[in-house]
Amino acid sequence: MRTYLVVIDESPESEIALRFAARRAVKTGGNVEILALIPKQDFVQWGGVQATIEEEARTRAEALVTGAAGTLLQESGIKPSITVQEGDAAKIVREMIEANPEIAALVLGAAATGAPGTLVTHFSGTDAGKLSVPVMIIPGSLDREGIDRLS
């Protein structure tokens, strides 16, 4: 089954990317894989504090993907796969694509203003020709109607 991998965070552009991927999945009979990334935390000298920081980051990421999955299910009827991982974002995305031959595209949202975002910059620059799937970069300036029209 054709799967669209969407990396989400708390930014508006990730919501746009998720909507685009969901609409494409519905039209192509595919599915959506939602990936929430937890940045590697800086080392804190006190172990208890470090554990608390890491747990809070994981809890925020899990709440984010749960909310996104609920919205996706309600709006499109698609029950997405969910992955939450900690570490280097670009490396995790590459590993997921390599491990899952069902992934047909990486869908990323670019910020409406300013820098497009670290993953967009990375996968449209350094690793642009290295992935085995296309990268779809969805402009953050699109509204719901624009997304629906294009997808």
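First, a word on what this report is: a plain description of the structure on this page. Please read these numbers as outputs of a predicted model, since none were measured by experiment. (Residues numbered from 1 in each chain as written. Predicted model: local features only at pLDDT ≥ 70, side-chain atom pairs only at ≥ 80, totals over all residues. Heavy atoms only, no water.)

With that out of the way, let us pick up the nonpolar core. Grouped together as the largest cluster of nonpolar side chains are 25 residues, with contacts concentrated most on V6, L18, V32, I34, L72 and V107. If you tally residues by element for this core, the top one is helix α1 (residues 12-28), at 7 residues. Those residues within four positions of V32 in sequence are excluded, and the remaining contacts are T3, Y4, V6, L18, A21, A22, A25, L72, I78, P80 and S81. Among the nonpolar cores identified, the runner-up in size contains 18 residues, and L35, L37, V93 and F123 belong to it. (Core = buried A, V, L, I, M, F, W, Y, C linked by side-chain atoms within 4.5 Å. Buried < 20%, exposed > 50% of the residue type's maximum accessible area, 1.4 Å probe, protein only. Helix = DSSP H or I, 4+ residues; strand = E, 2+ residues; numbered from the N terminus. Contact = heavy atoms within 4.5 Å.)

Spatially, 5 strands are ordered β3-β2-β1-β4-β5 in an open sheet, and the strand pairing comes out parallel. Taken across any chain shown, the strands that pair with only one partner, and hence form the sheet edges, are β3 (81-86) and β5 (135-139). This sheet shows a mean twist of 25° between the axes of neighbouring strands, independent of strand direction. Packed onto the sheet, α1 meets β1 (3-8), β2 (31-38), β4 (103-110) and β5 and runs at close to 170° relative to β1. (Pairing = 2+ DSSP bridges. Axes fitted to C-alpha atoms, helices over the stretch in contact; angles between N-to-C directions.)

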